Amino acid sequence: MESSIDLKDEIANTATQYHQPQGMIIKIVGAVALAHLLNDLIQAVLPAIYPMLKTNFSLNFTQVGLISLVYQITASLLQPWIGLYTDKHPKPYLLPMGMGVTLLGICLLAFSPSFSMLLISAALIGVGSSTFHPEASRVARMASGGRFGTAQSTFQVGGNTGTAIGPLLAALIIVPFGQHAVAWLVIFALFAIWVLTNVSRWTVQHAKTQMTARATHAQTKLHGRELMMALGTISVLMFAKFTYIASISNYFTFYLIHKFQISLQTAQLHLFAFLAAVALGTFAGGPIGDKIGRKAVIWVSFVGMAPFALIMPYADLFWTTVLSVIAGLILSSAFAAMVVYAQEAVPGRVGMIAGLMFGLMFGVSGIAAAGLGHLADINGIAWVFNLCSYLPLLGFAAVFLPKTKVR
């Protein structure tokens, strides 16, 4: 009860404080990061239980990929449009409403009797996600106090932490007790709805400040060919990053079980190690980008992890895990820098850019999951991991990123 009162007091007190240059409003950024943790924890359970669903419903890898595709596409296609609309017509209460849709998807997933119902539940969870990310990213920027990279990475590390916890939760609770145990996720969804309702109240109080902040940063805008070059290069980098991460998050457990003959629960612990490293790397990338520039962080994150990715398919179990952790740690530092770089290139469209970036993330991940699953059916899971090890080399495209006035 005390935490409830504290958050409500913060929401009320910051109404006057926000207009002062006191810096980042940590409790608000922390609240959206916590909500991101809860949101992505729920989402991460779905790929974590793919092996269980594959057995229960006698699915092949292509069908497993289709579940991921439906989820990722419903999330990705809606996000830019929601962000664009809310840039012009803010709808802060979409945050708790979207989590309500996710809650419905959880209930359906827990009791789905068929493959088609699994697809519907995945779609609902995707729709819930699409309403969350653009508006939550906007709130993080509003409360950043000008430390945009730090706020974005804090927000994003909440999501990555939830993504890391999801497989661990699946291994401890859902896999031992079966599909119906997914219903326990309702508790996390209800808690997220409460947090987001309070965040939405704060956002309503600061709508005018949000509009002023968008206008303030218009001087960093790129134009014409430079803008197209920037967005095109970011798209290539997003493709490389999230296709690689999709290969790990969706199929790492299958790869480890196939190559090293370990149990599903043990494989999920190795996946947790990778995803935890992704969360840590994401947190580091934003503050570093605020200091040395977005482009430098993007460049180092791709080129720096390429050797580890290339060696991984030839390593034993111990070094496979070590190399996956190092690769995840380095590569994940780029995302917050890419989001803020794009927002600085197209100021005044914070929600649209956030929706586009998160939407592209989900879209690439979904298409990659389906495509890689199909390739695994044809060529084997080890072949797929060997192919994906070359993806970080696309990071050399970062040399084409135009400079912004804030680096």
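As the structure is a computational prediction, the values presented were derived from the model and not from experiment.

A. Main features of the overall build of the protein chain. When you go through the protein chain residue by residue, the secondary structure sums to 16 helices and zero strands. Residue pairs at least 24 apart in sequence account for 84% of intrachain contacts in the protein chain once pairs closer than 6 positions are excluded. Of the roughly 15,900 Å² that the protein chain leaves accessible, carbon and sulfur atoms contribute 71%.

B. The environment of F396, seen in detail. By the secondary structure assignment, F396 is in the segment after α16 (381-388). F396 sits 97 residues away from W299 along the chain, and the two C-alpha atoms are 7.3 Å apart. In contact with F396, not counting residues within four places along its chain, are W299 and V303.

C. Quick peek at the side chain of T243. With respect to the helices, strands and loops of the structure, T243 is situated in helix α10 (residues 224-260). Dropping the residues within four chain positions of it, T243 is found in contact with M238, V364, A368, L372 and L391.

D. Structural view of helix α11 (residues 264-292). With 29 residues, α11 extends 42 Å from end C-alpha to end C-alpha; this agrees with the ideal 42 Å at 1.5 Å per step. Looking one or two residues past α11, G293 carries a phi angle of roughly 110°, positive in sign.

E. Highlighting the packing of helix α5 (residues 94-110) against helix α6 (residues 115-142). α6 packs onto α5 with a crossing angle of 160° between their chain directions and a minimal axis gap of 8 Å. In terms of axis orientation, α5 runs roughly antiparallel to α6. Between α5 and α6 lies a crossing whose hand is left-handed. Taken together, the residues of the contact of α5 with α6 sort by class into 16 nonpolar, seven polar and one charged.

F. Representation of the pattern of salt bridges in the model. One pass over the structure, following the stated rule, counts one salt bridge. Note that R138 and E135 form a salt bridge whose closest N and O atoms lie 3.4 Å from each other. Of this pair, R138 and E135 both sit in helix α6, three residues apart, which is roughly one turn of that helix. Judged by its relative accessible area of 2%, E135 falls in the buried class.

About the criteria used
- Residues numbered from 1 in each chain as written.
- Predicted model: local features only at pLDDT ≥ 70, side-chain atom pairs only at ≥ 80, totals over all residues.
- Heavy atoms only, no water.
- Helix = DSSP H or I, 4+ residues; strand = E, 2+ residues; numbered from the N terminus.
- Contact = heavy atoms within 4.5 Å.
- Areas by Shrake-Rupley, 256 points an atom, 1.4 Å probe, with all protein chains shown as cover.
- Expected span 1.5 Å × (residues − 1).
- Axes fitted to C-alpha atoms, helices over the stretch in contact; angles between N-to-C directions.
- Parallel < 35°, antiparallel > 145°, perpendicular 65-115°, else oblique.
- Left-handed = near helix turned anticlockwise from the far one by under 90°.
- Nonpolar A, V, L, I, M, F, W, Y, C, P; charged D, E, K, R; others polar.
- Salt bridge = Lys/Arg side-chain N within 4 Å of Asp/Glu carboxyl O.
- Buried < 20%, exposed > 50% of the residue type's maximum accessible area, 1.4 Å probe, protein only.

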